[in-house]
Amino acid sequence: MHVAARMTREEYLALPEPPRGVRFELLDGELVTMNDPLAIHQIVAGRIYAALLAWSDSRSDGGRVLLPVDTDVGPDTIFGPDVQWFAAGRPLPSPRERPWPVGDLVVEVASPSTARYDALVKAGRYADAGAREVWLVDPAGPTVRALRSAGQAPVVFGAGAVVTSPLLPGFVLPVDGLDR
């Protein structure tokens, strides 16, 4: 991960698609370039997305679940969280528009090159932008750290645990098997 250039939000949104194997984000006007994640990252993110989508689709008030999409988290800052959930009834842009607002629940799955960036920079920015809960997922454990409100200790779900959330009544996600 490295900083490639300084630019505005408008310049970032006008960029062409990055080359295969590269991802971009904008942090305080600096273009951050990252390598595409490893397969384990995609497996874990996919399992979380599938569980949230199944829960969401099973309810009339299930909201909307998205995979990475440009997300506005502050002035000249646009991230692409691995998974997001938006509560039902929220006004959302057209699926063809970008950037989107931050979700009510934001999930970041750690990669070796981005784990510190996810935990030390992105989690706080998501909360400041309105996320009501942020999950930091470590595929190596696997573990899920749920950050629910400022000043409150994270809730850590490890081996044998089942992830639940006050935002998602009846939702359960077994931690064991996330990395299969």
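Residues numbered from 1 in each chain as written. Predicted model: local features only at pLDDT ≥ 70, side-chain atom pairs only at ≥ 80, totals over all residues. Heavy atoms only, no water.

(A) Region of interest: the packing of aromatic side chains. The final tally for this structure, using the stated rule, is six aromatic pairs. Seen in terms of ring centroids, W55 and F171 are 6.4 Å apart; in terms of plane orientation they differ by 90°. Their pairing is edge-to-face. Taken as a pair, W55 in helix α2 (residues 39-57) and F171 in the loop between β12 (162-163) and β13 (173-174) lie far apart in primary sequence, 116 residues in all. Here W55 and F171 have matching classes, each one buried. With centroids separated by 6.1 Å and ring planes inclined at 75°, the aromatic side chains of F79 and Y117 adopt a geometry described as edge-to-face. Highlighted residues: F79 in strand β6 (residues 77-79) and Y117 in helix α3 (residues 115-128), separated in sequence by 38 residues. Of the two residues, F79 and Y117, both sit in the buried class. One aromatic cluster is present, formed by W55, W85, W135 and F171 through successive ring pairs. The ring of F79 carries the charged tip of K122 above its face, separated from the ring centre by 5.2 Å. (Phe/Tyr/Trp six-rings, centres within 6.5 Å; stacked < 30°, edge-to-face > 60°. Helix = DSSP H or I, 4+ residues; strand = E, 2+ residues; numbered from the N terminus. Buried < 20%, exposed > 50% of the residue type's maximum accessible area, 1.4 Å probe, protein only. Lys NZ or Arg CZ within 6 Å of the ring centre and 35° of its normal.)

(B) Just the sheet that holds strand β4 (residues 64-66), in detail. Within the open sheet, the six strands sit side by side as β4-β7-β8-β9-β10-β11. Their pairing is mixed. Bordering the open sheet on either side are β4 and β11 (155-157), each of which pairs with just one other strand. Averaged over all neighbouring strand pairs, the angle between strand axes comes to 15°, with direction disregarded. For strand β9 (residues 133-138) and strand β10 (residues 143-147), the ladder comprises five bridges, and the chain directions are antiparallel. Within β10, the residue paired with W135 across the bridge is A146. (Pairing = 2+ DSSP bridges. Axes fitted to C-alpha atoms, helices over the stretch in contact; angles between N-to-C directions.)

(C) Examining a nonpolar patch on the surface more closely. Together, L38, I40 and I43 line one region of the surface with nonpolar side chains, adding up to about 240 Å² of accessible area. Overall, the relative accessible area of 36% leaves I43 in the partly exposed class. (Patch = residues over 30% accessible without salt bridge, like charges linked within 9 Å, V, L, I, M, F, W, Y side chains within 5 Å. Areas by Shrake-Rupley, 256 points an atom, 1.4 Å probe, with all protein chains shown as cover. Salt bridge = Lys/Arg side-chain N within 4 Å of Asp/Glu carboxyl O.)

(D) Quick look at the nonpolar core. Counting 25 residues, the largest nonpolar core has I48, W135 and L168 as its most contacted members. Those elements that place two or more of their residues in this core are α2, β7 (83-86), β8 (105-109), β9 and β10. With six residues, the top contributor of residues to this core is α2. Ignoring any residue separated from it by four or fewer positions in sequence, one finds L168 in contact with L52, W55, W85, L105 and W135. With 13 residues, the next largest nonpolar core counts L27, M34, Y126 and V134 among its residues. (Core = buried A, V, L, I, M, F, W, Y, C linked by side-chain atoms within 4.5 Å. Contact = heavy atoms within 4.5 Å.)

(E) α3, seen in detail. With 14 residues, α3 extends 19 Å between its outermost C-alpha atoms, agreeing within 8% with the 20 Å of an ideal straight helix rising 1.5 Å per residue. Bending of α3 peaks at approximately 40° at the position of K122. Inspection of α3 places Y117, D118, K122, A123 and Y126 among the buried residues, and these make up the whole buried set. (Expected span 1.5 Å × (residues − 1). Bend = angle between axes of the 7 residues up to and from the residue.)

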